[in-house]
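A look at the structure
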Amino acid sequence: MAEFLDTDFLRTDEISLRQIELDKSDPQRKWDPAFHFDILDCAGTQVGGCNLRLGHSEALYNAGNIGYQIDEPYRGHHYAGKACKLLFELARRHGMKYVIIVCDPDNLPSRRTCEWLGGELLEILELPEDDKRRLTGGTHRCIFRFSL
């Protein structure tokens, strides 16, 4: 798998993704290569951010290949879902056959995004006692799979 491909094609009439950072893989830290983007609306206003982590591992199963956040004033326009559709294409171009998106079961907007995208809920996973994500109050994560 080539580590990073061009991302200039990540745009539609409604949104575009502006690459802001690349994380190279670091096997010692168990980090997978990742793209980081700003999500821009059609006027060029930043409405949120997203990332795509390449590959498949136990860590990525638990954390997800794709993460996103939409700034509060811009929620309700499916920007996260539209960004994910662009990231699905980038993942395909990197040879991935599926991606995982993980969300807190109580995060209804994120769950609706995963459902809007047609994700398959694989399980609701209980986080290990020593998982750092428990510090934010959540104990479980929904694991959604998206075939590409």
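Up top is the structure.
Everything numeric in this text was worked out from a predicted model, so none of it was measured. Each chain carries its own residue numbering, running from 1 in the direction its sequence is written. Local features are withheld for residues below a pLDDT of 70 in this predicted model, meaning they are given only at 70 or higher, and side-chain atom pairs are given and counted only at 80 or more; totals for whole chains, interfaces and linings count all residues. To get the side-chain values, take all heavy atoms of the structure and skip hydrogens and water.

Think of it this way: any DSSP run of H or I at least four residues long counts as a helix, any run of E at least two long counts as a strand, and we number them from the N terminus. Along the polypeptide, Tyr61 turns up in helix α1 (residues 58–63). Accessibility here uses a 1.4 Å probe with only protein chains present; expressed as a share of the type maximum, an area under 20% marks a residue as buried, one over 50% as exposed, and anything in between as partly exposed. Accessibility expressed as a relative area gives 27% for Tyr61, which makes it partly exposed. Taking the C-alpha atoms as reference points, Tyr61 and Arg145, 84 residues apart in sequence, are found 9.4 Å from one another. Setting aside anything within four residues of it in sequence, one finds Tyr61 in contact with Ile100, Val102, Leu122, Glu123 and Ile143. Within 3.5 Å is the distance limit for a polar contact, defined as a pair of N or O atoms, with the added protein rule that one can donate a hydrogen and the other accept it, and that residues adjacent in sequence qualify only through two side-chain atoms. A polar side-chain atom of Tyr61 sits 2.4 Å from a polar atom in the side chain of Glu123. The contact criterion used throughout is that any non-hydrogen atoms of two residues lie within 4.5 Å.

Attention shifts here to the packing of aromatic side chains. By convention, a stacked pair of Phe, Tyr or Trp rings (six-membered ring in the case of Trp) has centres within 6.5 Å and planes under 30 degrees apart, an edge-to-face pair has planes over 60 apart, and any other such pair is tilted. For the structure on display, the rule yields 3 aromatic pairs. Relative to Phe35, the ring of Phe4 lies with its centre 5.0 Å away and its plane at 85°, an arrangement referred to as edge-to-face. With a gap of 31 residues between them, Phe4 in the segment before β1 (15–23) and Phe35 in strand β2 (residues 34–41) connect regions that are remote in the sequence. Ring centres 5.3 Å apart and planes at 40° place the aromatic pair Phe88 and Phe146 in the tilted group. Of this pair, Phe88 sits in helix α2 (residues 79–93) while Phe146 sits in strand β7 (residues 140–147); the two residues are 58 residues apart in sequence, bridging distant segments of the chain. Each member of the pair, Phe88 as well as Phe146, carries the same accessibility label: buried. Through successive ring pairs, a cluster of aromatic residues spans Phe4, Phe35 and Phe37. One Lys or Arg, Arg93, reaches over the ring of Phe9 and ends 3.6 Å from the middle of that ring. Charge over a ring is defined by NZ of Lys or CZ of Arg lying within 6 Å of the ring centre and within 35 degrees of the ring normal.

Now for the pattern of salt bridges. Every case where a carboxyl oxygen of Asp or Glu lies within 4 Å of a side-chain nitrogen of Lys or Arg is listed as a salt bridge. In the structure shown here, the tally under the stated rule is 5 salt bridges. Salt bridges linked by common partners bring Glu89, Arg92 and Arg93 together as one network.

Turning next to α2. An α-helical segment advances 3.6 residues per turn. Residues three or four places apart therefore align on the same side. Here α2 spans 22 Å end to end across 15 residues, near enough to the 21 Å set by a 1.5 Å rise per residue. Most of α2 is tucked away, with 11 of its 15 residues classed as buried. All of the buried residues in α2 are Tyr79, Ala80, Gly81, Lys82, Ala83, Cys84, Leu86, Leu87, Phe88, Leu90 and Ala91. Just beyond α2, the residue with positive phi is Gly95, at close to 85°. Here the expected length of a helix is defined as 1.5 Å per residue gap, with one fewer gap than residues.

Our next topic: the side chain of Arg111. Residue position: Arg111 is located in helix α3 (residues 108–116). Under the convention used here, Asp and Glu are negative, Lys and Arg are positive, and both His and the chain ends fall outside the count. Here Arg111 sits buried without a salt bridge, and the closest side chain of opposite charge, Glu115, lies 4.4 Å off (N-O distance). When near neighbours in sequence (up to four residues on either side) are disregarded, Arg111 contacts Cys103, Asp104, Pro105, Leu121, Cys142 and Phe144.

Extensive coverage of β2 is indicated by the burial of 8 of its 8 residues. The side-chain alternation of β2 yields two buried faces, one formed by Ala34, His36, Asp38 and Leu40 and the other by Phe35, Phe37, Ile39 and Asp41. We treat two strands as partners when DSSP finds at least two bridges between them. The sheet contact formed by β1 and β2 spans 8 bridges and is antiparallel. Among the inter-strand pairings, Ile15 is bridged to a residue of β2, identified as Asp41.

Attention now goes to α3. Listing the buried residues of α3 in full gives Ser110, Arg111, Thr113 and Cys114. Around the axis of α3, the buried residues are gathered within 155° of arc, so they sit on the same side. Summarising the contacts, the buried residues of α3 are in contact with β4 (66–70), α2, β5 (98–103), β6 (120–126) and β7. The N-cap of α3, judged by a side-chain oxygen 3.1 Å from the amide nitrogen of Ser110 a few residues on, is Asn107. Gly118 sits one or two residues past α3 and shows a positive phi near 85°. By construction, the arc corresponds to the directions joining the helix axis to the C-beta atoms.

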